[in-house]
Amino acid sequence: ITTKKANSKQRQIDSDLTMLRISRSESTRLFKYVAKVDINFCPWNKKSNSSRELWRRLTSKRLLASNPKVVVDTKLTTNLETPSTYIKYVDGSDLKIDDASSMSVDELLSELNIAATAIDNEWVMEGKELDDDA
């Protein structure tokens, strides 16, 4: 898993770290920092279950109502391609998960929320509001 900051610095995220557990209301608030999500998977591949569930959760009425500007795209394949996810955030940073086959949906959401929390913390320190740029 790699994240890419807007200034092109990359950092590696250790997927063995403890998952970030947050409340439903906090996850809804943090989803406002997401600009675009691309999810690629084969719907008939067992290894794509978490990617399919991620797509279902990110397109829920609750999350879409909290962030009407977000674009959630899926690319369904018919081959046994490895499921992957790409997330673009409102500050220009991104998160790319090249192989989501071994991750649970909770781990995928945790990675999304860790990056969103980092942006939120950075913006709070700078005195920025989400509505200023989004």
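Worth saying up front: this structure is predicted, and the values here are computed from it rather than measured. (Residues numbered from 1 in each chain as written. Predicted model: local features only at pLDDT ≥ 70, side-chain atom pairs only at ≥ 80, totals over all residues. Heavy atoms only, no water.)

Let us now look at the pairing of strand β3 (residues 34-41). With respect to burial, β3 is a largely interior element, six of its eight residues being buried. In the sheet, β3 pairs with strand β5 (residues 84-89) via six bridges, with the strands oriented antiparallel. Residue Val-34 lies in a different strand from β5, and its bridge partner there is Tyr-89. Alignment of β3 against strand β4 (residues 71-76), held across six bridges, turns out to be parallel. Across the sheet, Ile-39 pairs through a bridge with Thr-74, a residue of β4. (Buried < 20%, exposed > 50% of the residue type's maximum accessible area, 1.4 Å probe, protein only. Helix = DSSP H or I, 4+ residues; strand = E, 2+ residues; numbered from the N terminus. Pairing = 2+ DSSP bridges.)

Next up on the list: the environment of Thr-82. Its place among the elements puts Thr-82 in the loop between β4 and β5. Put simply, Thr-82 and Lys-47 are 35 residues apart on the chain and 7.8 Å apart in space, counted from C-alpha to C-alpha. Ignoring anything within four residues of it in the chain, the contact list for Thr-82 reads Asn-40, Asp-98, Asp-99 and Ser-101. (Contact = heavy atoms within 4.5 Å.)

Time to look at the side chain of Thr-85. Looking at the secondary structure, you find Thr-85 in strand β5. Setting aside residues no more than four positions away along its own chain, Thr-85 makes contact with Val-37, Asp-38, Ile-39, Leu-54, Leu-95, Lys-96 and Ile-97.

The end-to-end C-alpha separation of helix α4 (residues 105-126) is 32 Å, in line with the 32 Å expected for 22 residues at 1.5 Å each. Two residues or fewer past α4, Gly-127 is found with a positive phi of approximately 75 degrees. (Expected span 1.5 Å × (residues − 1).)

Where helix α2 (residues 49-58) meets α4, the closest approach of the two axes is 8 Å, and the angle between their N-to-C directions is 55 degrees. Viewed along their axes, α2 and α4 adopt a mutual orientation that is oblique. The handedness of the crossing between α2 and α4 comes out as right-handed. Taking contact as the criterion, the partners of Ser-50, Ser-51, Glu-53, Leu-54, Arg-57 and Leu-58 in α2 are, on α4, Val-105, Asp-106, Leu-108, Leu-109 and Leu-112. Residue composition of the contact of α2 with α4, grouped by class: six nonpolar, two polar and three charged. (Axes fitted to C-alpha atoms, helices over the stretch in contact; angles between N-to-C directions. Parallel < 35°, antiparallel > 145°, perpendicular 65-115°, else oblique. Left-handed = near helix turned anticlockwise from the far one by under 90°. Nonpolar A, V, L, I, M, F, W, Y, C, P; charged D, E, K, R; others polar.)

Now for the pattern of salt bridges. Taken as a whole, this structure holds eight salt bridges when the rule is applied. Across the pair Arg-29 and Asp-120 runs a salt bridge whose closest N-O atoms are separated by 2.8 Å. Taken together, the residues Arg-29 in helix α1 (residues 24-30) and Asp-120 in helix α4 connect sequence positions 91 residues apart. Given the relative accessible area of 31%, Arg-29 is considered partly exposed. As a salt-bridge pair, Lys-36 and Asp-73 come within 2.7 Å of each other at their nearest N and O atoms. Highlighted residues: Lys-36 in strand β3 and Asp-73 in strand β4, separated in sequence by 37 residues. (Salt bridge = Lys/Arg side-chain N within 4 Å of Asp/Glu carboxyl O.)

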